[in-house]
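Geometric and topological summary
Take a look at the letters that make up each chain.
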There are 4 protein chains.
Amino acid sequence: MQSKLSVAIYGASGYAGYELYRLLKRHRDVEIKHITAETSAGKRLSELFPTTDDVKVVKNEEVNTAGLDAAFLSLPHGAAKSVVESIAGTSKDMKIIDLSADYRFDDAEEYERWYGRKHTSPDFLDNFVYGLTEVNREAISRARFVANPGCYPTATILGVHPLLKGKIADLSEPIIIDAKSGVTGAGRKPEVRLLFAEVNENVSPYNIGYVHRHTGEIEQELKKVAKSDLRIIFSPHLMPITRGMLNTIYVKLKGDIATPELTALFTETYSNEPFVKVLGGDSIASFHHTMNTNLSVISVKRVENSPYAIVVSSIDNLGKGAAGQAVQNFNVMFGIEETEGLL
Amino acid sequence: MQSKLSVAIYGASGYAGYELYRLLKRHRDVEIKHITAETSAGKRLSELFPTTDDVKVVKNEEVNTAGLDAAFLSLPHGAAKSVVESIAGTSKDMKIIDLSADYRFDDAEEYERWYGRKHTSPDFLDNFVYGLTEVNREAISRARFVANPGCYPTATILGVHPLLKGKIADLSEPIIIDAKSGVTGAGRKPEVRLLFAEVNENVSPYNIGYVHRHTGEIEQELKKVAKSDLRIIFSPHLMPITRGMLNTIYVKLKGDIATPELTALFTETYSNEPFVKVLGGDSIASFHHTMNTNLSVISVKRVENSPYAIVVSSIDNLGKGAAGQAVQNFNVMFGIEETEGLL
Amino acid sequence: MQSKLSVAIYGASGYAGYELYRLLKRHRDVEIKHITAETSAGKRLSELFPTTDDVKVVKNEEVNTAGLDAAFLSLPHGAAKSVVESIAGTSKDMKIIDLSADYRFDDAEEYERWYGRKHTSPDFLDNFVYGLTEVNREAISRARFVANPGCYPTATILGVHPLLKGKIADLSEPIIIDAKSGVTGAGRKPEVRLLFAEVNENVSPYNIGYVHRHTGEIEQELKKVAKSDLRIIFSPHLMPITRGMLNTIYVKLKGDIATPELTALFTETYSNEPFVKVLGGDSIASFHHTMNTNLSVISVKRVENSPYAIVVSSIDNLGKGAAGQAVQNFNVMFGIEETEGLL
Amino acid sequence: MQSKLSVAIYGASGYAGYELYRLLKRHRDVEIKHITAETSAGKRLSELFPTTDDVKVVKNEEVNTAGLDAAFLSLPHGAAKSVVESIAGTSKDMKIIDLSADYRFDDAEEYERWYGRKHTSPDFLDNFVYGLTEVNREAISRARFVANPGCYPTATILGVHPLLKGKIADLSEPIIIDAKSGVTGAGRKPEVRLLFAEVNENVSPYNIGYVHRHTGEIEQELKKVAKSDLRIIFSPHLMPITRGMLNTIYVKLKGDIATPELTALFTETYSNEPFVKVLGGDSIASFHHTMNTNLSVISVKRVENSPYAIVVSSIDNLGKGAAGQAVQNFNVMFGIEETEGLL
C-alpha cells in the first residue's frame, strides 16, 4: 500500500481510546493524525498515561476531518452522538467507527429504555451496521458507519451463536449469562467504587438480573440469530483484574447432543475465523487465553445427565471487546488484511 | 469458666489449619496443646508461616490425646479417616471436628463416587453429624463427632435453604450455582496451576457442570431440606484472590413472589443467627462483606418479568467455609457462647 | 471494669477511621457513642462500607462531647485542627487522639514547611505528646492529647531506634529509607491515580528524595533519639496491595558489629514490647508478617564486607501505622491492658 | 528478505521461553523450527500455557541443528552449559543466544563463587559477548555467541551507566540498589513460596545485601564502565505482580550537579537508543511504563541539599530483562532492523 490511511481517535483519555492508540500505532497502513480528549486537551499523551510517547492531545473541534479516512470514537454514551452529528457531514469519504452504544440499537425506543435518555438522531440509526465482525462481516465491508458492539454482547453472542443458529437451544427457559469483567470495562472514572482498595481482593456483582444496559443489546442481537423470541438473565461481576472478560453461559438444549458434537458444531461455525478459537478436550476458556489479544476463546460442554450446556466465552474487554474489534472492523471496511495490527 | 479446654490441631501446615490456629489462639476458653504437620514435624510454626509465634509442630502420632477435650482435623481427604480411626478410641471424652470430606456423606457409596476411593470406615459415618451450624445446631450440640461442611456447600446451602424450606422453588429446572472462590480453597500445594503468575489477572473455571466433588455433598444436603429430589449444576471458578467465596445462584420459582417478600423470607429465616446477614434494598453481597470473618452474607432478588430468583451468597472460604465454622461448631458442642473467638 | 468508656470516632468514612471502628467495636472496655463523616452524614455505615452494621453516621457538630471519655480524630490534615480547637474546651475530661499530622511537629514552622499552610493553633502543639508508644509510653500515659504518628515514621523510627540509641550509626552519610506502602495509606479519595487499573500490576515511586511530608516528621523524631543532627533520604513507593508497609533502611555503621550482635541489640531493645517482634536467623520481615495486626516486625543484617546495615521494618499501615497504634495509645492513656482489642 | 531465519527455542516451558515464542512468532524474518522442554516433551504448547497454538514440544536432543540459523536457550543455569557444549560444534553457522548465567562471567571463578558450582567449560567463556545491547552493540553484531544479561543487571547497568561513564559518581560509598521484581523473574517452579496466596498482598525482600547471584554480574559490568573498583549493595524484593521490574538506585555524586543537568546527561547518553527512554520533568519511572514492552524507562533526580542522586530504572523482566533483549540481540547479530518484532 502506497499511502497510509489517515485516522483520528476521539476520546483517547479513556482505557479503550488509549488501547486504540496503541493498536493503531503499530498498524502498518495507518497514520494517526489526531487524538482528542476534551478535558485533557492541550496536554501530551505522556501526561495522561505511563508512556513516553510525546503526542499532543487536542479538543474534538480541533480535528480537521477534511483529510481523514476514518474516525474512531471512544466517547461516553451520548457524547458520541453529538460528535457523529457534527462530523458525519463534513467529509463524505470519512468512515466512522463508534465504540459507544449510541448507534447499536435498531430502534430508538430500545436505546431510550436502556440508556434512560432520548435519542437525538434516531433517523441516523439505520445508517449504522452493528459491528460484530464474525456475524456481520459482509455488511461491515460495505458500511460507512459501524457501531462497535459492547464487550459483554461480543462475548455472549459469539458464545451462543452456534447453538441458536443450529436451532438446538430450548428457548423456553432463559439463557443465563454469569459474566466476569476486568475493571477497565467500567471506564477511567474517579469514583470510590473503582479505587484499588475497593476492587482488590473483591468480587462484586452489580446490575444483575435484567437491568444492565447491555441486556437489551444482547437480546436484540440474539433474537436476530435465533429468528425467535428469547429471554436472557444477565449478571455481571466486577473482577479484581485490569482487563479481560469471561462469560459462563447456561443454555437449555432441545435434543440429546453430547460434548464432542457441541464442540464440533462450534469449531465448524468458526473454522474460517482468524480471531475465534474453540477449545477441545477438557480445556476450559480462561482470562489468560485472550489477555492482550483480539481473540475470542470459547469452550462448550454438555452437563452430565442434564439438558443444559455450559459455554465459557473469553475475550479481552479492551481487545475484541472494544479497541481490537474496532480495528478489525476498520480492516474489513478498508479491505485490509483482517489481522493487520492485531497479531 | 475455670479451666480451659485442651485442643489439638492436626494439619496446621495448610491454610485452614493455620487459620484454626489463629482463631483458637484468641479463643478465651481454649488452650492449644499440640499442632501437627506430618512433613514439617520438628519445625517451628514461624518456619511455615509469616508469624513470629515460636510454636513447635509435631507429628500426628506425637499428640497425647489423653488430656484432650477436642481435636480439630484439617487433613487431606483420606488422611483424616486414618487419624479418626486411630484416635477416636483413645479417649472417650475427646470430641472430634473433622474439616475433611471423609465423614460428610450419609452413604459410603456416594463418598466413593465423588472421591474415587473406597471408604475404609463406612460404619463410622453414622457417628458424624453434618456440621452446618445453622441447619443442624441441635444435633451438633449433642454430637461427639462433627463433619465440618465444605466451603461451596456452606455458601450454597445457606443461600438456597429459605427457598427450599419455603417450598417456593420450582425444582423441575436445575439450581444453577456459579461459584467464585479465593485460591486458598485449593490448598497449599506446590502446583504450577496455583503459582502467582498463573492465578493473577486470571479467572479459571474448573470442574464445571456436574463433576466437582462438592456437587454430591450439596445435592445430599439440599434434598434433605427440600424433602424432594432435585438437581444442581455447579460451576466453580478460581479467582485471583487469597480468600473468600461468592456463589451466584439461579433458582426458578413457583409462584409470583417479589424481591421484598423474598428478602423478608430470608431475613425471617435467619433472624436469630449471629453469623448470617441478609442484605436489603439494592445491596448485593460481595467478597468484602465477609472477608476475615465467620459471616455468611446473602442477598436475593427476583429477576424482572421472569420466574427466576438470583441469590448471591458470600462467605470467607477459610472462615465460615472452614476454620470459622469449625470453631463455631466447637462452641456449640461445648456449650460456649457461639460467637466466642469469632468476632 | 464496671462501666465502659465512651468514645467518638471523627472521620469514619476513610480507611483509618473505619479500621478504628472495627477495632473499637471489639474492645471490651469501649462503647462507641458517635461516628462522624462530614459529607456522608445521615447515611448508615453499611452504605459506606461492605458491612452489615447498621450504625448511623453523623456530622462532627452533632457529637455530644459532654459524656465522652475520648475522641479519636481520623480527619484530613488541617480539618483535625479545627475540630480539636472546637471540642477540646467543651469537656475537660475528654482525651483526644489525633491521627492527623496537625499536632505531630514540635515547631509550627516545621509544620508549615512540610504541609504548606499556616498552623492556626501553634500554642496548642505543646499540649500534644507524639504517640509512638514504644518511645514515649510514659508521657502518653499522662497525656490528655496524643498526636498519633504517621505510618512511614512509625515503621522507620522503630527500625532505626536501636542503632541510634546505641550510638553505632555513622551519621555522616544519610539514612536511606526505601519505603513500600499499601494503597490505603493514600486515603479513600476518588482520584484517577488511585483507581484499580492504575495501581494494579504497578509499582510507583512518588515524592522521592527529600520532599514527602513525612520526611520532616521522621527527621524530627530520629534527631531526638540520636541526640544529634542527621539526614535522611526517603523514597516512598506505592504498592498494588491494599494494606501494609515495609521500609528497607540502609544505615552506615561506625564499628565492626556483625549480624548476630545487631539482632541481639534489637531483640534486647524491644524485649518487653508486646507489639514489636525482631526476627532472628535469616528471616526477613515481609508485609504478611504484620498484615491485619498491630505488630511491628523487624529484621536487621550487616551487609557482607561493608560498613552498612540493612533494616527491614514492616507494619500494617492501618494497624500500627494508624488505627492500631491509636487504640494502643488509648489503652496506655486509660491504664487498660495495652493489648486489649488488638490481639 | 527472501527466506526466513530458522530458529529453535530451548526451554519453552518457562516464562522467558514462552515469551521468546510469542515474540519470535510475530517476527517477520523468523521461522520457529523447534521448541523444546525436557519434562514436557511430547505435549502441545497449548497444554503448557493458555494458548490455542497447537505446536509440538520436543526434547532438546530432537532438535535438528543442521538447518538452524540461531538457537535461543532459556534453560536453567547449569543446563544451558551442557546444551551449548553439545550443539555449538554441530553447526558452524548457528548462532547461540543464551539467557542463562552460564556464560555471563568473564572469569570462571566468579561464576563458581556466585553460583556455587564448578564451571565445566571455562575456556568457552571467552567466546561469549555480554549481551547488554546498548553497551556492547558493536561486539554483539560480530558475535556468534551472546550471553543475554540478567534482568536485575540490565535495569541497574542502564540506570547507572551515564553516571559512571561521566565520572560523576563518588564511588567511596557503595551504590545502593533497592530492586522490585515481578514474580515471573523467579521462574515457573512449583514451590510454596511462589504460590498465589503467598505472593499476593505481600512484599518479600530476599537475598538482600551482598548475596544475590546477580550481585557479581552487576559489579563485573559496572567496574568495566567505571574503569574503577566499586561496591554495590543489592536488595531484591518480590512484588505481587506478574511481570516488570523497577530498581531504585542511590548513588553518591562527586560534584554539584542538579536534576536538569543529570536528566540532560541521561537523555544525551541514550539519544539514539530505540529502547531506552529518559523521563523529564517530575515524572518518575514505574512498572507500567515498560510493561509488555522491550523498553527501559529511566528517571533521575538529585536529592535536595544532598550529594546523592536517585535513579529509577524500569524494565519488563520478561521483555528487556530476558526475551525482548534476546530478540534485540538477535536482530543486531543478523543485521535486521533492531526494533523488528519488538514494537
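Conventions and cut-offs
Residue numbering note: each chain is counted from 1, following its sequence as written. All chains are assigned letters beginning at A, and all ligands numbers beginning at 1, according to the order in which they are written. Residues qualify for local features only when their pLDDT is at least 70, as the model is predicted, and side-chain atom pairs are given and counted only at 80 or more; totals for whole chains, interfaces and linings, by contrast, use all residues. Only DSSP runs of H or I reaching four residues or more are called helices, and only runs of E reaching two or more are called strands; each is numbered from the N terminus. It is over C-alpha atoms that the radius of gyration is taken, and the globule rule equals 2.2 Å times the number of residues to the power 0.38. Burial is judged by counting other C-beta atoms within 10 Å of a residue's own C-beta: 20 or more means buried, 12 or fewer means exposed, and anything between counts as partly exposed, with every C-beta placed from the backbone. C-beta atoms are placed from the backbone for every residue, and two residues are taken to be in contact when these atoms lie within 7 Å. A pair of strands counts as paired when DSSP detects no fewer than two bridges linking them. Helix axes use the C-alpha atoms of the stretch in contact, all axes being lines fitted to C-alpha atoms, and the angles between their N-to-C directions lie in the range 0 to 180 degrees. When the copies are superposed, the least-squares fit draws on C-alpha atoms of residues that have pLDDT of at least 70 in both. Residue classes follow a fixed rule: Ala, Val, Leu, Ile, Met, Phe, Trp, Tyr, Cys and Pro count as nonpolar, while Asp, Glu, Lys and Arg count as charged, and any other residue, Gly among them, counts as polar. Domain start and stop points were drawn from an automatic or database domain assignment. Handedness of a crossing is defined here by the sense of rotation of the near helix relative to the far one, left-handed for an anticlockwise turn of less than a right angle and right-handed for a clockwise turn. Roughly parallel here means an angle under 35 degrees, roughly antiparallel means over 145, roughly perpendicular means 65 to 115, and every remaining angle is called oblique. This arc is built from the directions going out from the helix axis to the C-beta atoms. Along the chain, pLDDT gives the predictor's confidence residue by residue, from 0 to 100. The span one expects for a helix is its residue count, reduced by one, times 1.5 Å.

**Let's talk about the overall build of chain A**
Per the secondary structure count, chain A includes ten helices and 13 strands. Over its C-alpha atoms chain A spans a radius of gyration of 20 Å, differing by no more than 12% from the 20 Å that the globule rule assigns to 343 residues. Overall, the C-alpha framework of chain A stretches about 60 × 45 × 40 Å when taken along its three principal axes. The 343 residues of chain A split such that 57% are buried. Sequence separation of 24 or more characterises 70% of the internal contacts of chain A that already satisfy a separation of 6 or more.

**So, the sheet that holds strand β5 (residues 128–130) of chain A**
Residue and element names in this part refer to chain A. Within the open sheet, the six strands sit side by side as β2-β1-β3-β4-β6-β5. Their pairing is parallel. Each end of this open sheet is capped by a strand with a single partner; those strands are β2 (30–36) and β5. Adjacent strand axes in the sheet meet at a mean angle of 20°, parallel and antiparallel pairs treated alike. Two elements, strand β1 (residues 5–10) and β2, share six bridges in a ladder whose sense is parallel. Residue pairing in the sheet places Ser6 in a bridge with Glu31 of β2. Across the sheet, helix α3 (residues 79–87) lies against β1, β3 (70–73) and β4 (95–98), angled at about 165° from β3, the strand it touches most. This element, helix α10 (residues 319–333), spans β3, β4 and β6 (145–147) of the sheet and lies at about 155° to β4.

**Details of the relation of the copies chain D and chain B**
Between chain D and chain B, which share one sequence, the superposing operator has a rotation angle of 180° and an axial displacement of 0.0 Å; the RMSD is 0.0 Å. This pairing of chains is accounted for by a two-fold axis. Both copies share a contact surface, since 100% of the interface residues of chain D are interface residues in chain B too.

**What about the interface of chain D and chain B?**
For an interface, size is often stated in terms of accessible area lost upon the parts coming together. Residue-level contacts link 15 residues of chain D with 15 residues of chain B. The element best represented in the side of chain D that touches chain B is helix α7 (residues 196–199) of chain D, accounting for three residues. Looking at the side of chain D that touches chain B residue by residue, the class counts come to nine nonpolar, three polar and three charged.

**Focus on the domain arrangement of chain A**
Residue and element names in this part refer to chain A. If you check the domain split of chain A, you get domain 1 (5–149 + 321–333) and domain 2 (152–317). Domain 1 and domain 2 are separated by 25 Å when their C-alpha centres are compared. Tallying the contact residues gives 20 residues for domain 1 and 22 residues for domain 2. Every element with two or more residues in the side of domain 1 that touches domain 2 is listed here: α4 (108–115), α5 (133–142) and α10. If one sorts the elements of the side of domain 1 that touches domain 2 by residue count, α10 sits on top with five residues. Residue composition of the side of domain 1 that touches domain 2, grouped by class: ten nonpolar, five polar and five charged.

**Here we look at the interface of chain A and chain B**
Listed by partner, the interface residues are 38 residues for chain A and 38 residues for chain B. The set of elements that each furnish at least two residues to the side of chain A that touches chain B consists of β7 (175–181), β8 (204–205), β9 (232–238), β10 (245–252) and β13 (308–315) of chain A. Looking at the side of chain A that touches chain B residue by residue, the classes come out as 21 nonpolar, ten polar and seven charged.

**Let's talk about the sheet that holds strand β11 (residues 276–278) of chain A**
Note on sheets: strands pair through backbone hydrogen bonds, and any given pair is parallel or antiparallel. All names here are of chain A. Strand order across the open sheet formed by seven strands is β8-β9-β7-β10-β13-β12-β11, with mixed pairing between neighbours. Two strands lie at the open edges of the sheet, namely β8 and β11, each paired on one side alone. The pairing of β10 with β13 spans eight bridges and is antiparallel. Bridge pairing in β13 links Ile249 to Val311.

**Some thoughts on the packing of α5(A) against α10(A)**
Residue and element names in this part refer to chain A. For the pair α5 and α10, the least separation of the axes is 9 Å and the interaxial angle reads 35°. The chirality of how α5 crosses α10 is right-handed. Along the contact surface, α5 presents Thr133, Arg137, Ile140 and Ser141, while α10 presents Gln325, Gln328, Asn329, Val332 and Met333. Residue classes in the contact of α5 with α10 are distributed as three nonpolar, five polar and one charged.

**Topic: the packing of helix α6 (residues 151–165) of chain D against helix α9 (residues 259–269) of chain D**
Residues and elements named next belong to chain D. In contact at an axis separation of 10 Å, α6 and α9 are set at 105° when each is read in the N-to-C sense. With respect to each other, α6 and α9 are oriented roughly perpendicular. Contacts between α6 and α9 involve His161, Pro162 and Lys165 from the first element and Leu265, Phe266 and Thr269 from the second.

**Side note on the environment of Asn294(D)**
All names here are of chain D. You can see Asn294 is positioned in the loop between β11 (276–278) and β12 (296–302). In this structure, the C-alpha to C-alpha distance between Asn294 and Val225, residues 69 residues apart in sequence, is 23 Å. Ignoring anything within four residues of it in the chain, the contact list for Asn294 reads Phe275, Gly319, Lys320, Gly324, Gln325, Gln328 and Leu342.

**Some points on unusual backbone geometry**
The phi angle of most residues is negative, glycine excepted, and most peptide bonds adopt the trans form. Its identity as a non-glycine residue notwithstanding, Asn207(B) has a phi of 50°, on the positive side. Position of Asn207(B) among the secondary structure elements: in the loop between β8 (204–205) and α8 (214–226). Overall, the presence of 15 C-beta atoms within 10 Å leaves Asn207(B) in the partly exposed class. Unlike most non-glycine residues, Lys167(C) shows phi in positive territory, near 60°. Residue position: Lys167(C) is located in the loop between α6 (151–165) and β7 (175–181).

**Observations regarding helix α3 (residues 79–87) of chain D**
All names here are of chain D. Of all the positions in α3, only Ala80, Lys81, Val83, Val84 and Ile87 are classed as buried. Looking down the long axis of α3, one finds its buried residues gathered within 165° of arc, a one-sided arrangement. Buried positions along α3 lie against β1 (5–10), β3 (70–73) and β4 (95–98).

**Description of the environment of Glu273(B)**
Residue and element names in this part refer to chain B. Residue placement: Glu273 occurs in the loop between α9 (259–269) and β11 (276–278). On the basis of neighbour counts, which here come to 16 C-beta atoms within 10 Å, the residue Glu273 falls in the partly exposed class. For Glu273 and Ser296, which are 23 residues apart along the polypeptide, the C-alpha to C-alpha distance reads 10.0 Å.

**Some thoughts on the relation of the copies chain A and chain B**
Under the fitted operation, chain A is carried onto chain B by 0.0 Å of movement along the axis and a turn of 180°, and the coordinates agree to an RMSD of 0.0 Å. In this assembly, 100% of the residues forming the interface of chain A have copies in chain B that are likewise at the interface, indicating an isologous arrangement.

**Description of the pairing of strand β12 (residues 296–302) of chain A**
All names here are of chain A. With seven of seven residues buried, β12 is to be regarded as a mostly interior element. Every second residue of β12 is oriented toward a common face, with Ser296, Ile298, Val300 and Arg302 on one face and Val297, Ser299 and Lys301 on the other, all of them buried. As paired strands, β11 and β12 are joined by three bridges and run parallel to one another. Its bridge partner being in β12, Val278 is matched across the sheet by Ile298. Counted along the chain from β12 to the antiparallel partner β13, the turn is five residues long, and its residue Asn305 has a positive phi close to 50°.

**Side note on the confidence of the model for chain A**
For chain A, per-residue confidence averages 97 on the pLDDT scale, and residues scoring 70 or more make up 99% of the total. Complex prediction metrics read pTM 0.97 and ipTM 0.97.

**Some words on helix α1 (residues 15–26) of chain D**
Taking 1.5 Å of rise per residue, the twelve residues of α1(D) would be expected to cover 16 Å, and the 17 Å separating its terminal C-alpha atoms lies within 8% of that figure. For α1(D), a buried count of nine out of twelve residues is recorded, marking the element as mostly surrounded by other parts of the structure. Listing the buried residues of α1(D) in full gives Tyr15(D), Ala16(D), Gly17(D), Tyr18(D), Glu19(D), Leu20(D), Tyr21(D), Leu23(D) and Leu24(D). Here the buried face of α1(D) lies against α7 (196–199) of chain B together with β1, β2 (30–35), β3 and α10 (319–333) of chain D.

**Notes on the environment of Leu73(B)**
Residues and elements named next belong to chain B. Relative to the helices and strands, Leu73 resides in strand β3 (residues 70–73). Assessed through the 28 C-beta atoms surrounding it within 10 Å, Leu73 is described here as buried. Sequence separation between Leu73 and Ala16 is 57 residues, and the spatial gap between their C-alpha atoms is 9.8 Å. Filtering out sequence-adjacent residues up to four positions away, Leu73 remains in contact with Tyr10, Gly11, Ala80, Val83, Val84, Ile96, Ile97, Asp98, Leu99 and Ser100.

**Some remarks on the pairing of strand β10 (residues 245–252) of chain C**
Residue and element names in this part refer to chain C. Counting buried residues in β10 gives eight out of eight residues, a clear majority hidden from the surface. Along β10, one buried face is formed by Met245, Asn247, Ile249 and Val251 and the opposite face, lined by Leu246, Thr248, Tyr250 and Lys252, is buried too. Examined bridge by bridge, β7 and β10 share six bridges and lie antiparallel to one another. Along β10, the bridge assignment pairs Ala179 with Asn247.

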